[in-house]
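A structural walkthrough
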Amino acid sequence: MIFREGIEKYCDEHSSLSDPLFRELEEETRAFAPKVAHMQVGTIEGRLLSLLTRLSGATRILEFGTFTGCSSLHFLKALPDNGKLTTLDIDEKAVAVARKFWSSHGWESKVESLVQDAHASVSMLIEEVDSGKRPLFDLAFIDADKSSYEDYFRASMKLVKKGGLIIVDNTLWSGDVLNPQDKAAKAIHAFNEARRTDVRVESLLLPIRDGVSLFQIL
Ligand SMILES: C[S@@+](CC[C@H](N)C(=O)[O-])C[C@H]1O[C@@H](n2cnc3c(N)ncnc32)[C@H](O)[C@@H]1O
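In short, a report on the structure.

How each quantity is defined
- Residues numbered from 1 in each chain as written.
- Predicted model: local features only at pLDDT ≥ 70, side-chain atom pairs only at ≥ 80, totals over all residues.
- Heavy atoms only, no water.
- Helix = DSSP H or I, 4+ residues; strand = E, 2+ residues; numbered from the N terminus.
- Polar contact = N/O pair within 3.5 Å; in protein donor to acceptor, adjacent residues only side chain to side chain.
- Contact = heavy atoms within 4.5 Å.
- Pairing = 2+ DSSP bridges.
- Right-handed = clockwise from strand over helix to strand, strands pointing away.
- Near = heavy atom within 4 Å.
- Areas by Shrake-Rupley, 256 points an atom, 1.4 Å probe, with all protein chains shown as cover.
- 1 Å grid on protein atoms, 1.4 Å probe; cavity = no way out; pocket = protein on both sides within 12 Å on 5 of 7 lines; lining within 4 Å.
- Sits in = over half its atoms within 2 Å of the grid points.
- Nonpolar A, V, L, I, M, F, W, Y, C, P; charged D, E, K, R; others polar.
- Axes fitted to C-alpha atoms, helices over the stretch in contact; angles between N-to-C directions.

So, on to the side chain of Ser213. Looking at the element boundaries, Ser213 is found in strand 7 (residues 212–217). A polar side-chain atom of Ser213 sits 3.0 Å from a polar atom in the side chain of Thr171. Contact partners of Ser213, with chain neighbours within four places excluded, come to Ile166, Ile167, Val168, Thr171, Asn192, Leu204 and Leu205.

See the structure below:
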């Protein structure tokens, strides 16, 4: 969190009301994993994800990093009835929490949850897209292990349609990108540097929450 104290709360109070389900999910996530509950995108960024889904008219979304379901629920809220979310995570216990919320809101049929290393899932997805068994995605959201961001971006470039959107979370890494020391900060900084000259995409790094980068595939 790199805002001045109180700013996120102010933004929250001056945006459309958040669905009470997100408070419920936050509480359940804090009980399930108190030390890492902050990994959820939260309601400001979550509402941005919903808005971008609606504005882009996305119906097929690929998510890297399900965790307990916060970002997935923001996508599901915005997806039309014929929409589908494919979400990847390696942690079965966290995904079980997400699954409970998907089904209690009647969204289970809109979700394809692949629980294994995301590298294996994307290899399978790329094979299916290449062989015509699966259509391209309209939007990808990258929020799993930071050291694999470049791999996930490369895969998303193959899996998302031209004109589609790739959203990448935590691209400021608590501001540590200014002086990257640990493995994650170095990986994120290298990812950001590579995008400066990446002419395949129109890119914008927004200082929202922990940094949210938007890429439209040209
Ligand atoms: C920051 S959390 C995702 C938060 C989620 N988007 C939300 O809003 O609640 C990152 C997730 O990536 C998952 N993850 C880490 N390494 C992974 C890998 N190699 N393959 C798949 N998922 C992985 C973790 O299990 C964790 O749930």
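Next comes the rest of the write-up.
One ladder, built from 5 bridges, connects strand 2 (residues 84–89) with strand 3 (residues 111–115); its direction is parallel. Along strand 3, the bridge assignment pairs Leu88 with Leu114. The parallel pair strand 2 and strand 3 is bridged by helix 5 (residues 92–104), and the resulting crossover is right-handed.

Here we come to the site of the ligand. Taken together, the neighbourhood of the ligand is formed by 18 residues, with Gly65, Ser71, Asp89, Ala118 and Asp143 sitting nearest. In the environment of the ligand, a nitrogen atom lies 2.7 Å from a nitrogen or oxygen atom belonging to the side chain of Ser71. Between the ligand and Ala118 there is a distance of 2.8 Å, counted from a nitrogen atom to a backbone nitrogen or oxygen. If the ligand stood free it would expose 610 Å²; the protein chains cover 89% of that surface. Put simply, the ligand lies in the largest pocket. Its residues assigned to classes, the shell around the ligand comprises 8 nonpolar, 5 polar and 5 charged.

Further remarks concern the sheet that holds strand 4 (residues 137–142). Whether parallel or antiparallel, the strands of a sheet pair through hydrogen bonds between backbone atoms. Strand order in the open sheet formed by 7 strands is 3-2-1-4-5-7-6, with mixed pairing between adjacent strands. Every interior strand has two partners, whereas the edge strands, strand 3 and strand 6 (201–206), have only one. In this sheet, neighbouring strand axes are inclined to one another by 15° on average, regardless of whether the strands run parallel or antiparallel. Summarising the sheet, strand 1 (residues 60–64) and strand 4 pair through 4 bridges and their orientation is parallel. If you follow Ile61 over to strand 4, its bridge partner there is Leu139. Against the sheet, helix 6 (residues 118–130) makes contact with strand 1, strand 2 and strand 3, and its axis sits at roughly 140° relative to strand 2, the strand it touches most. Sitting on the sheet, helix 8 (residues 183–196) is in contact with strand 5 (160–169), strand 6 and strand 7, with an inclination near 35° to strand 7.

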